[in-house]
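A look at the structure
Each chain, written out:
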Amino acid sequence: MTNNVKKYDYLIVGSGLFGAVFAHEATKKGKKCLVIEKRDHIGGNIYCENIEGITVHKYGAHIFHTSNKRVWDYVNELCEFNNFINSPVGKYKGEMYNLPFNMNTFSKMFGISTPEEAQKVIAEQRAEIKGEPQNLEEQAISLVGREIYTKLIKGYTEKQWGRDCKDLPPFIIKRLPVRYTYDNNYFNDRYQGIPEGGYNVIIEKLLDGIEVRLNTDFFSDKEGFLALADKCLYTGTVDAFFDYKLGHLGYRSLNFETETLDCENYQGVAVVNYNEREIPFTRIIEHKHFEFGKQPKTVITREYPADWHEGDEPYYPINDEQNNSLYEQYAQLAKEQDGILFGGRLGMYKYYDMDKCIEAALNLCDEEL
Ligand code: FAD
Ligand code: UDP
């Protein structure tokens, strides 16, 4: 590309949630934006497809939840949310356990009925952990005891992250609530739901009227694209931006296997986790239940965790100590880049949920625009 005229105020690399929020806000402030996206659709990992009249979360189950009123008001301006509450079930060797870990789980696992009884069992089991938990295994046992750890956490986590629970950071398991009430809501947040019509409604509104080029990889002509705009917001992987010159950051990838079934209701709930190690997938999503669908057919997706190799989709950053410290070095390089902003799950190497991603994008807009 040999175009030296700066036609845009901002080049935005990536049409995921982060890039789309920034593009929307910048455009509102009168800035001219160009969004480039290497996939053949907008929306990044929240993109949905319609199959048999069912909204299918193409890149895995996405449930919106937040306690941030600013973020909740922001997304409600863009679409209407339904009243879906995520209450997944964990399957271990044919037995079904409610998640997250709550009185329903404890009652079935330990044959008890009161919070006091559950606390007693867990206190006995967690006694083996002395001091501050140093890894995910110790953290999990200290939260819910060895039995729940063995049946519902160990196998799932080792499949998901491809390594031993002793080699994973404690914070990953602290994402999940542990409750001594009969409450199967997977999240503690104040607000929760699924956008009516799926997440594309949000992304399409955000990018309405903004020039987007699909099937366009920034790295096919990095300098040429940068020359098009005064500034750039980059939401791809930060290590790729610097041509991996300090080494590769670790990511986990996923493979999705989607199938349409000629039955109305396959598993009775949107998400069933498969907690034993021997089953290669971590969960099955039955998409219609996100929208209380009554269609005659159903669409399910099996989610298989996978090692990440260059060229695969990097779905999860692996925020262990080693990777975080490498990221800090990349973040320093990023700071020194004139006119280039880094954002999103990949650009900031953070295990952001959608609400945190929007919050971070709005914070950047506050500083930048
Ligand atoms: P992305 O969605 O990854 O967007 C980045 C975009 O940049 C992509 O479209 C990519 O193709 C594009 N891109 C990258 N490199 C280039 C390049 N070189 N040139 C051009 N384009 C490029 N959050 C929740 O709140 N609730 C959930 O239930 C939930 N479930 C999840 C389940 C799974 C399986 C995964 C992986 C994530 C889940 N999340 C969930 C997190 C959510 O997906 C993210 O918070 C959000 O999508 C991040 O948006 P983003 O814009 O930062 O990144
Ligand atoms: N986890 C588990 N068993 C489950 C569900 C989750 O051990 O049935 C662990 C697993 O390590 C996972 C972490 O808890 O990575 C966080 O779960 P969450 O559902 O938040 O993961 P995500 O939605 O990001 O895939």
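Here we summarise the structure given alongside this text. (Residues numbered from 1 in each chain as written. Chains lettered and ligands numbered in written order. Predicted model: local features only at pLDDT ≥ 70, side-chain atom pairs only at ≥ 80, totals over all residues. Heavy atoms only, no water.)

1. Notes on the site of ligand 2
Residues in close proximity to ligand 2 total 17 residues, the closest being Thr 157, Trp 161, Tyr 186, Tyr 316 and Tyr 351. In the model, an oxygen atom of ligand 2 is placed 2.9 Å from a nitrogen or oxygen of the Asn 273 side chain. Isolated, ligand 2 exposes 530 Å² of accessible area, and the fraction of that covered by the protein chains is 94%. Looking at the shell around ligand 2, the elements that each hand over two or more residues are α5 (136-161) and α6 (171-174). For the shell around ligand 2, the element with the highest residue contribution is α5, accounting for six residues. Of the residues in the shell around ligand 2, the class split is eleven nonpolar, four polar and two charged. (Near = heavy atom within 4 Å. Polar contact = N/O pair within 3.5 Å; in protein donor to acceptor, adjacent residues only side chain to side chain. Areas by Shrake-Rupley, 256 points an atom, 1.4 Å probe, with all protein chains shown as cover. Helix = DSSP H or I, 4+ residues; strand = E, 2+ residues; numbered from the N terminus. Nonpolar A, V, L, I, M, F, W, Y, C, P; charged D, E, K, R; others polar.)

2. Quick look at the sheet that holds strand β15 (residues 316-317)
Hydrogen bonding along the main chain pairs the strands of a sheet, whether they run parallel or antiparallel. Reading across the sheet, the seven strands line up as β7-β6-β12-β13-β14-β11-β15 and stay open at both edges, with mixed pairing between neighbours. Strands at the two margins of the open sheet, each flanked by one partner only, are β7 (95-98) and β15. Inspection of the sheet shows strand β12 (residues 271-274) paired to strand β13 (residues 283-286) by three bridges, in the antiparallel sense. Looking at the pairing, Asn 273 lines up with Arg 283 of β13. (Pairing = 2+ DSSP bridges.)

3. Overview of the pairing of strand β2 (residues 33-36)
The two faces of the sheet receive side chains in turn, since in a regular strand these alternate between them. Covered by surrounding structure in β2 are Cys 33 and Val 35 together with Leu 34 and Ile 36, the residues of both alternating faces. In the sheet, strand β1 (residues 8-13) pairs with β2 via four bridges, with the strands oriented parallel. Bridge assignment links Val 13 to a residue of β2, and that residue is Ile 36. Relative to strand β9 (residues 211-213), β2 runs parallel, the two sharing three bridges. Residue pairing across strands places Ile 36 opposite Arg 213, the latter belonging to β9. (Buried < 20%, exposed > 50% of the residue type's maximum accessible area, 1.4 Å probe, protein only.)

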